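Each chain, written out:
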Amino acid sequence: MRLIVPLQGVVQGRGGLLMGSLIPCTLFYFLQLYLKRHRSPKPPSAPLSPYPSPSPNLSELPRSASRSNLSSRGSISPARISNRVSSIARPNSSLYYVGLDRSLEDPYDRLDNPEGIIQLGLSENTLCLDLIDEWMSENLNSSLSEGDGDEFGLARLATYQPFDGLMELKVAMAGFMSQIVGDRVSFDPSQMVITSGATPAVEMLCFCLADQGNAFLVPTPYYPGFDRDMIWRTGVELIPVHCRSTDNFTPSITALDQAFNQAKKRGIRVRGILICNPSNPVGNILLRETLYSLLDFAREKNIHIISDEIYAGSIHGNEEFVSMAEILGEEDTDKERVHIVYGLSKDLSVSGFRVGCIYSFNENILAASKRLARFCSVSSLTQRLLVSLLSDSRFITRYLETNRRRIREVYDMFVGGLRQLGVKWAEGSAGFYCWVDMSGLIRSYSEKGELELFDKLLNVAKINMTPGSACHCIEPGWFRCCFATLTPEDIPIVMERIRRIADG
Amino acid sequence: MTRTRSYIDRNLDPDEDYRAAASSKTTSSGGGGGSGGAAMRVIVPLQGIVQGRGGLVLGSVIPCALFYFLRLYLKRHRSGPSKTPPPSPSSSSDQLTDVSTGVLQRSLSRAYLSPRGSAAPAHVSSRAASVLKDGDSPYFVGLKRFQEDPYDELANPNGIIQLGYAENKLCLDLVREWALANGRHAILGDELSISWLTTYKPFDGLMKLKLVVAEFMSQITEGSASFDPSQLVLTAGSSTAIEMLTFCLSDPGNAFLVPTPYYPGFDGDVKWRSGVEIIPVPCRSADNFSLSINALDRAFYQAKKRGVRVRGIILSNPSNPVGTLLKRETLYDLLDFVSEKNIHLVCNEIFAGSSHGGEEFVSVAEAVKSEDCDRSRVHMVYGLSDDMCLTGFNIGVIYSSNNNVLAASKKLSRFTSISTLTQQLLISMLSDASFVQNFIRVNQKRLQKMYGEFVAGLKKLGIKCTKSTGGFCCWADMSGLIRSYNEKGEMELWGKLLNIGKINVTPGSCCQCIEPGWFRFCFSTLSEDDVPVVMERIRKVSESCKSLG
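The following paragraphs examine the structure supplied in this document. What you see as residue numbers is a count from 1 along each chain, following the sequence as written. Labels follow written order: the first chain is A, the first ligand is 1, and so on. For this predicted model, a pLDDT threshold of at least 70 governs which residues receive local features, and a threshold of 80 or more governs which side-chain atom pairs are given and counted, while totals over whole chains, interfaces and linings are taken from all residues. In computing side-chain properties, one takes all heavy atoms of the structure into account and sets aside hydrogens as well as water.

1. As for the sheet that holds strand β8 (residues 356-360) of chain A
Residue and element names in this part refer to chain A.
Turning to step 1, where the next piece is worked out: A pair of strands counts as paired when DSSP detects no fewer than two bridges linking them. We count a stretch as a helix when DSSP gives it H or I for four or more residues in a row; a strand needs E for two or more, and each element gets its number in order from the N terminus. One open sheet holds the seven strands; their spatial order is β2-β8-β7-β6-β5-β3-β4, and the pairing between them is mixed. Among the strands making up the open sheet, the edge pair consists of β2 (192-195) and β4 (237-241). When strand polarity is set aside, the average angle formed by the axes of neighbouring strands in this sheet is 25°.
Turning to step 2, where the next piece is worked out: When β2 meets β8, the two strands line up antiparallel, connected through four bridges. Each residue of the ladder has a partner; that of T195, found in β8, is G356.
Turning to step 3, where the next piece is worked out: Relative to the sheet, helix α9 (residues 198-209) contacts β2, β3 (215-219), β5 (270-276), β6 (304-308), β7 (338-343) and β8, its axis offset from that of β7 by approximately 160°.
Turning to step 4, where the next piece is worked out: Against the sheet, helix α12 (residues 288-301) engages β3, β5, β6 and β7, with an angle of about 165° to β5. Here the axes come from fitting lines to C-alpha atoms, over the contacting stretch only for helices, and the angles between their N-to-C directions go from 0 to 180 degrees. By definition in these notes, contact holds between two residues if any of their heavy atoms fall within 4.5 Å.

This is how it looks when you write it as structure tokens:
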């Protein structure tokens, strides 16, 4: 019988079965290898244009091509930037950043620009700047002076300092963190790495815990900045785990488990859970039991937990904040998988100073972070000043109390205003946010309706709020309002502006 | 080298490429020769299906498809690609073994004991493991040893003298004087209250600071280049500026050409988080370690042959460690080279203001101006740490004309922003024109004097140095003192200098210098009284070497 088979000559005879399958496979393998090597690496996200091109900017291509003919030394094609950065170089697409950019262009000012945009999108606390100001004007000189009577110890600060932070600052930070949690835990300064803000701390942890293509589970709604911190340079994926308004947006282990298994099915390795406690944007605090079950889950799946506790000192409700560090037992395998991110930007209102830290029990992570700290070190001048500030325990105690009281006052006023408008919000007891349910004001119960409302609020009412979709919330109509930049006089204006939209 | 190569994707192994070519050749010729065979009984897979007319297609497609799915399956069920080579038993790194094997065994047994027992130890990413491993180079070991036992003329006269860290302490007194004179005003500037400083500011630096930094940079180049403040991005140190540029210009697995000997920190800046390879382009002592375009060209083609894409050149001007300046013609040649190959040029000019030999320093910004070339492929890194004696302040600068790179860097600067307090202080300091002018002049004079003394001291001991005119380092040829003319001999001498002589220097191998026996001495951390002490210690070591030899 005549057979038409590939490689007939070779595959005849006894070796046929083996050779007949091996040879096409080998050829195919090498074809794949060849294709893989001669293809440029895939961009991490969608390319700029529908047609992936080596040039980051298509419009540049024809211009440069013609120029190169004119120029005597001309080059063949325009300078190319990397694929991974081309998506970063594009203008902001997230509404969180669109709103921030817009309100920077036209900021509200009661006297100078009463028709400007009121900023409710920036997570900042300006309620206690007067206290910081007062302290600085009293202590600025003495805090930087050298011990031997010099007025200003700049020269000593100018020399080389360890990149991962001065030991004095670590001690002071550890003390401050312990004070915040009511001294139920004592933080060990040697387990700390100081970074220039919490942002690089999150990125660094992500880099150390996961490889490219791995993933982290993140309960939603989550802080929009995580999409940058965790993804941009590390090439890690964030898998949103949806929490619902009926549970007051607390993460459920069932949902986590589901997301974990789905990721596994897709062939993606989950390396950890990223939680923000107290939550940004919702403002709620995770209960002790929830933390235990999270830890159990992490142990069972053998993954890490990154706990972002940057609002730990800004509790304004009556609930007690429990740090992840507090529930860790003596067991090493538990400790090795828990990493805490903290920063002074929120709790001490010094966001301009850019001071954050990683607190970890894992020796390897600490060692790697200390080396990587060279890329995000804090100026020694700032460190020295903060050492004095944090060591002034009388001031710190007074500050923390006053800060909590003022946040509570503004929060109460804000939700009081909302109540009058008949708008609901999620109950929160920490942070600078009110998580507002405006689903009554949206025309269609979908993301489109939410974006329409966002647009109206920004352009008609002139207030910038962060829409829930920017925080990956699956229920439409939720908005994050940061109230800690408002003065008591501003709140009626905000409410009046919202009312206009509600009526219109 | 081996470490670098294995870190890159294993698919890029040049040998595999060769094998692929060879085997495909043999199979195709074999197939061609035997195709004339007569019809007879053939044992083929899937005989039932592939008979008849569709046979040719189906017979190849089906095994291929099966094979493809098999690989897909294997790929998805395999643990994440481990980019680090398995730890060798000879590896002296305790930390590495701890990462990969040590913890595993210990924890496994413990898990059974633990009431809540966990399956396995917490995972550390393979890229973090490679960072951990990299820290064991003599460069870092030496720095650490110094921190443990630092020399002090009175308190610890037998401590280790630091000559391994490029830092300038010669003009700290000027900084101190200025601070004393300006006191409070230094930080507050003209503002009455400090609270505006504590709120969020643009991550890429205050515009006011960019203005004075641009002014300062053009002052350093003596006005021959002007800098546009809107093209500046300020970062927390020049290391991170280089890392950010690497990230913007190349993808994982790509490479940069770097002329050797180079600054040992480049390895961390370029490789660690960006996953980019460094291809050393050797320069030789016979040419006074000056850069040759031919060598660059050769390295470029060799990389191409290996299938590695070269995205640019990174170099330091003034050179660290050698201390030479790039000539104007060399810069033009470099610009031609990068245009021709369609790659980028990253020029690290952090020592621009610290030239001390009277030679003219030509910034790449100046060369770009006078040359008709594509500016979007030239990027400059600068920093205030070195030229202003402000190491602890960690201020770096990216200067680029490429809008995409600028836009991306501005966004990425969220990971490496500078405290507003420090920025405000620098605005005050750099706005003080008479102070800055005086500082640059005095600093250059002191560097020159110290360099002269140091080189003279070495000369007396019979150690020659390359003639350098910029930076804080002296590049000395100690090959006469090494027992075997290779890297091992060099490391032996380094160990002796550290342990017997109690001085920490950087061996040439850390700078990827191919000629053994060269050492980098950073003289600008010394005071004048220290120089004789250092020379005495070197003499002691050199005598012990000679007596043994």
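2. Some details on a nonpolar patch on the surface
Turning to step 1, where the next piece is worked out: Surface patches are defined over residues having more than 30% relative accessible area and no salt bridge, joining like charges when they lie within 9 Å and nonpolar side chains (Val, Leu, Ile, Met, Phe, Trp, Tyr) when within 5 Å. Each accessible area is a Shrake-Rupley estimate made with a 1.4 Å probe; only the visible protein chains count as cover when residues are assessed. A carboxyl oxygen of Asp or Glu within 4 Å of a side-chain nitrogen of Lys or Arg is what we treat as a salt bridge. Side chains of L31, Y34 and L35 of chain A sit close together on the surface and give an oily, nonpolar patch of about 320 Å² of accessible area.
Turning to step 2, where the next piece is worked out: Note that L35 of chain A resides in helix α2 (residues 16-38).

3. Remarks on the environment of I278 of chain B
Turning to step 1, where the next piece is worked out: With respect to the element layout, I278 of chain B can be found in strand β4 (residues 277-282).
Turning to step 2, where the next piece is worked out: Each residue is placed in one exposure class: buried if its accessible area under a 1.4 Å probe, protein chains only, is under 20% of its type's maximum, exposed if it is over 50%, and partly exposed if it falls in between. Residue class for I278 of chain B comes out buried when judged on its relative accessible area of 3%.

4. A closer look at the pattern of salt bridges
Turning to step 1, where the next piece is worked out: Under the defined criterion, the tally for this structure stands at 40 salt bridges over all chains.
Turning to step 2, where the next piece is worked out: Taking the shortest distance from any N to any O, the salt bridge between R127 of chain B and D211 of chain A comes out at 3.9 Å. Placement of R127 of chain B in helix α6 (residues 126-134) and of D211 of chain A in the loop between α9 and β3 is noted, with the two residues assigned to different chains. The same class applies to R127 of chain B as to D211 of chain A, namely buried.
Turning to step 3, where the next piece is worked out: Among the ionic pairs, R328 of chain B bridges to E360 of chain B, the shortest N-O distance being 3.1 Å.

5. Here we look at the packing of aromatic side chains
Turning to step 1, where the next piece is worked out: Ring pairs are drawn from Phe, Tyr and Trp, using the six-membered ring of Trp, whenever the two centres fall within 6.5 Å, and their geometry is named by plane angle: stacked under 30 degrees, edge-to-face over 60, tilted for the rest. Using the criterion set out here, one finds 37 aromatic pairs over all chains in the structure.
Turning to step 2, where the next piece is worked out: Here the aromatic rings of Y160 of chain A and F163 of chain A are separated by 5.9 Å at their centres, their planes lie at 85°, and the arrangement is edge-to-face.
Turning to step 3, where the next piece is worked out: The exposure class of Y160 of chain A is partly exposed, given its relative accessible area of 24%.
Turning to step 4, where the next piece is worked out: Ring geometry for F300 of chain B versus Y301 of chain B: centroids 5.7 Å apart, planes at 85°, classification edge-to-face.
Turning to step 5, where the next piece is worked out: F300 of chain B gets classed as buried once you look at its relative accessible area, which sits at 9%.
Turning to step 6, where the next piece is worked out: Ring pairs connect the aromatic residues Y451, F454, F521 and F523 of chain B, which therefore count as one cluster.
Turning to step 7, where the next piece is worked out: Only when the NZ atom of a Lys or the CZ atom of an Arg is both within 6 Å of the ring centre and within 35 degrees of the ring normal do we say a charge sits over the ring. Its guanidinium or amino end placed over the ring of Y97 of chain A, R228 of chain A lies 3.5 Å from that ring's centre, counting from NZ or CZ.
Turning to step 8, where the next piece is worked out: In this arrangement the basic side chain of R273 of chain B is found over the ring face of F207 of chain A, its NZ or CZ atom lying 5.9 Å from the centre.

6. Things to note about helix α8 (residues 172-188) of chain B
Turning to step 1, where the next piece is worked out: The quantity called bend is, for any residue, the angle between two axes fitted respectively to the seven residues ending at it and the seven beginning at it. Approximately 90° is the largest bend angle found in α8 of chain B, and it occurs at N182 of chain B.
Turning to step 2, where the next piece is worked out: What α8 of chain B keeps buried is the set L172, L174, V175, W178, A179, G183, A186, I187 and L188 of chain B.

7. Examining empty space enclosed by the protein
All names here are of chain A.
Turning to step 1, where the next piece is worked out: In this analysis the probe radius is 1.4 Å and the grid spacing 1 Å, with only protein atoms considered; a cavity is a set of points the probe fits into but cannot get out of, a pocket is an open set with protein on both sides within 12 Å along at least five of seven lines, and lining residues have an atom within 4 Å of a point. Grid points are joined across faces, edges and corners, and a volume is the space filled by probe spheres set on the points. All told, the structure shown has eight cavities of 30 Å³ or more when counted by the stated rule.
Turning to step 2, where the next piece is worked out: Of the pockets and cavities examined, the largest cavity occupies roughly 170 Å³.
Turning to step 3, where the next piece is worked out: Contributing to the lining of the largest cavity are 17 residues, with P219, P221, P251, C276 and S279 lying nearest its centre.
Turning to step 4, where the next piece is worked out: Sorting the residues of the lining of the largest cavity by element identifies β3 and β5 as the ones contributing at least two each.
Turning to step 5, where the next piece is worked out: Nonpolar residues are Ala, Val, Leu, Ile, Met, Phe, Trp, Tyr, Cys and Pro. Charged residues are Asp, Glu, Lys and Arg, and all others, Gly as well, are polar. Its residues assigned to classes, the lining of the largest cavity comprises 13 nonpolar, four polar and no charged.

8. Looking at the environment of L366 of chain A
All names here are of chain A.
Turning to step 1, where the next piece is worked out: Its location among the elements puts L366 in helix α16 (residues 363-372).
Turning to step 2, where the next piece is worked out: According to the relative accessible area criterion, L366 is buried, its value standing at 5%.
Turning to step 3, where the next piece is worked out: C-alpha separation for the pair L366 and H339, spaced 27 residues apart in sequence, amounts to 9.8 Å.
Turning to step 4, where the next piece is worked out: If near-sequence neighbours (up to four positions away) are discounted, L366 is found in contact with S190, Q191, M192, V193 and S360.

9. Topic: the side chain of S429 of chain A
Turning to step 1, where the next piece is worked out: Of note, S429 of chain A is situated in the loop between β9 (424-426) and β10 (433-437).
Turning to step 2, where the next piece is worked out: When sequence neighbours within four positions are dropped, the list of residues in contact with S429 of chain A reads G283, I285, I315, H316, G317 and E319 of chain A.

10. Points about the packing of helix α8 (residues 167-180) of chain A against helix α18 (residues 393-421) of chain A
Residue and element names in this part refer to chain A.
Turning to step 1, where the next piece is worked out: Running from amino to carboxyl end, α8 crosses α18 at an angle of 45°, the nearest separation of the two axes being 12 Å. It follows that α8 is oblique to α18 by the angle criterion. The handedness of the crossing between α8 and α18 is right-handed. Where α8 approaches α18, its residues F176, Q179 and I180 are matched on the opposing element by I396, T397, L400 and R404. Under this scheme an angle from 65 to 115 degrees is roughly perpendicular, one under 35 degrees roughly parallel, and one over 145 degrees roughly antiparallel; angles in between are oblique. It is the rotation of the near helix from the far one that decides the hand of a crossing: anticlockwise by less than a right angle makes it left-handed, clockwise makes it right-handed.

11. Some thoughts on the sheet that holds strand β13 (residues 478-482) of chain A
All names here are of chain A.
Turning to step 1, where the next piece is worked out: Spatial strand order, β9-β10-β13-β12: four strands in an open sheet with antiparallel pairing. A single partner strand is all that each edge strand has here, and the edge strands are β9 and β12 (466-467).
Turning to step 2, where the next piece is worked out: Where β12 and β13 come together, two bridges link them in antiparallel fashion. Bridge pairing in β13 links P467 to F479.
Turning to step 3, where the next piece is worked out: Where α18 meets the sheet, it contacts β9, β10 and β13, and its direction lies at approximately 10° from that of β10.

12. Focus: α12 of chain A
Residues and elements named next belong to chain A.
Turning to step 1, where the next piece is worked out: Between the first and last residue of a helix there are one fewer steps than residues, each counted as 1.5 Å, and that sum is the expected span. Over its 14 residues, α12 extends 20 Å from the first C-alpha to the last, a length consistent with the 20 Å expected when each residue adds 1.5 Å.
Turning to step 2, where the next piece is worked out: Those residues of α12 lying buried are T290, L291, L294, L295, F297, A298, R299 and K301.
Turning to step 3, where the next piece is worked out: Taken from the residues just after α12, N302 is the one with a positive phi, measuring 55°.

13. Overview of the packing of α8 of chain B against helix α18 (residues 420-431) of chain B
Residues and elements named next belong to chain B.
Turning to step 1, where the next piece is worked out: Taken N-terminus to C-terminus, the directions of α8 and α18 make an angle of 120°; their axes are 10 Å apart at the nearest point. Taken together, the axis directions place α8 and α18 in an arrangement best described as oblique. By crossing handedness, the relation of α8 to α18 is classed as right-handed. For the pair α8 and α18, contact is made by V175, W178, H185, A186, I187 and L188 and by L421, Q424, L425, S428 and M429, respectively.
Turning to step 2, where the next piece is worked out: Looking at the contact of α8 with α18 residue by residue, the classes come out as eight nonpolar, three polar and no charged.

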